[in-house]
Amino acid sequence: MSAKKGLHLTLKIWRQKNNKTKGQFETYKISDVSTDSSFLEMLDILNENLINEGKEPVAFDHDCREGICGMCSLYINGRAHGPDTGITTCQLHMRMFKDGETIVIEPWRSAAFPVIKDLMVDRSAFDRVMAAGGFISVNTSGNTLDANAIPVPKEDADKAMDAAACIGCGACVATCKNGSAMLFVGAKVSQYALLPQGRIEAKRRVLNMVKAMDEEGFGNCSNTGACEVECPKGISLENIARMNREYMAALVDRG
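The name that an unreviewed UniProt entry assigns to the chain is Succinate dehydrogenase / fumarate reductase iron-sulfur subunit, with the source organism given as Chryseobacterium geocarposphaerae. What UniProt states about the chain under its Sequence similarities (unreviewed entry) heading is, verbatim, "Belongs to the succinate dehydrogenase/fumarate reductase iron-sulfur protein family."

A. How the structure looks around the overall build of the chain. For the chain, the helix and strand inventory stands at nine helices and seven strands. With respect to the three principal axes, the spread of C-alpha positions in the chain is 65 × 45 × 35 Å. Scored against the burial criterion, the 255 residues of the chain give a buried share of 45%. Within the chain, residue pairs in contact and separated by at least 24 positions form 69% of the contacts whose partners lie at least 6 positions apart. In the chain, 30 side chains carry a positive charge and 32 a negative one; their mean positions are 4 Å apart.

B. Looking closely at helix 5 (residues 182–193). Helix length check: helix 5, at twelve residues, gives a terminal C-alpha distance of 15 Å against a target of 16 Å (1.5 Å per residue), a fit within 8%. Most of helix 5 is tucked away: twelve of the twelve residues are buried. Within helix 5, burial applies to Met182, Leu183, Phe184, Val185, Gly186, Ala187, Lys188, Val189, Ser190, Gln191, Tyr192 and Ala193.

C. Region of the structure containing the domain arrangement of the chain. Domain boundaries in the chain define domain 1 (7–116) and domain 2 (123–252). The centre of domain 1, based on its C-alpha atoms, is set 29 Å off from the matching centre of domain 2. Roughly 1,400 Å² is buried in total at the junction of domain 1 and domain 2, and carbon and sulfur atoms are behind 55% of that figure. Here domain 1 and domain 2 share one salt bridge between them. The closest approach of N and O atoms between Glu230 and Arg79, which form a salt bridge, is 3.1 Å. Looking at side-chain class alone, the side of domain 1 that touches domain 2 contains nine nonpolar, seven polar and three charged residues.

D. Representation of the sheet that holds strand 5 (residues 102–106). Read across the open sheet, the five strands follow the order 2-1-5-3-4; overall the sheet is mixed. Whereas interior strands pair on both sides, the edge strands pair on one side only; in this sheet they are strand 2 (24–33) and strand 4 (79–80). Two strands pair when backbone bridges link them, and strand 3 (residues 75–76) and strand 5 are joined in this way by two bridges, in the antiparallel orientation. Within strand 5, the position partnered with Ile76 by the bridge is Ile105. Packed on one face of the sheet, helix 1 (residues 39–52) meets strand 1 (7–15), strand 2, strand 3 and strand 5 and runs near 100° to strand 2.

Thresholds, definitions, all that
- Residues numbered from 1 in each chain as written.
- Predicted model: local features only at pLDDT ≥ 70, side-chain atom pairs only at ≥ 80, totals over all residues.
- Heavy atoms only, no water.
- UniProt positions renumbered as here; feature names shortened; annotations may be inferred.
- Helix = DSSP H or I, 4+ residues; strand = E, 2+ residues; numbered from the N terminus.
- Buried < 20%, exposed > 50% of the residue type's maximum accessible area, 1.4 Å probe, protein only.
- Contact = heavy atoms within 4.5 Å.
- Lys, Arg positive; Asp, Glu negative; His and termini not counted.
- Charge placed at Lys NZ, Arg CZ, Asp CG, Glu CD.
- Expected span 1.5 Å × (residues − 1).
- Domains from an automatic or database assignment.
- Buried area = accessible area lost by both parts, 1.4 Å probe.
- Salt bridge = Lys/Arg side-chain N within 4 Å of Asp/Glu carboxyl O.
- Nonpolar A, V, L, I, M, F, W, Y, C, P; charged D, E, K, R; others polar.
- Pairing = 2+ DSSP bridges.
- Axes fitted to C-alpha atoms, helices over the stretch in contact; angles between N-to-C directions.

Right, here's the structure in full:
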């Protein structure tokens, strides 16, 4: 029985020293890649080859490699996280590609996500948006109620959990032609707005988070729906609509 042959691929990878220098695509050949390998494992093999050749490895972000953290953000053949749906880059496997194929690999493209190096971008803009209001102030006076003692309608709880599934990978921003972060912010606003624990600060939260989003330089939503299509967790556009309603209500209340 003959051994299973691996893939022979051409990789066009964006190389950039930092956000102050001009970047460019560089081409690499890689052979005998197992179709059972993940995309990140394929990059590991490439980097091992480059190191053995005395060349600088390609910098890319990764952490859990379990589709949880969202760090492995790559734009692959024109799609955020590559040619599959409902997955992050670390969950993408090489069986999705054909032998002899050319794969174009880029970092997220957004003014709010400057390149750190090669395929790594700075997504701290998301952290600053969250710091502006993505939290609840918990009463620690000793008179707090057990969270389970606060009744929450099942439908609201389900929607809140769906919104909370957002991992903040930034695929929505990278996919949007305007570089909008409204799906991300809408999800974070919604997960609190739908629950009684989050209603106390709801108006202040949405005003502050939307303001921070605008200050970071993210674009506006034009309702093309690309963000929902490419989101690895399937975050719904309904969250953007909910955020808009919360925002308008907060503006009216503020006068």
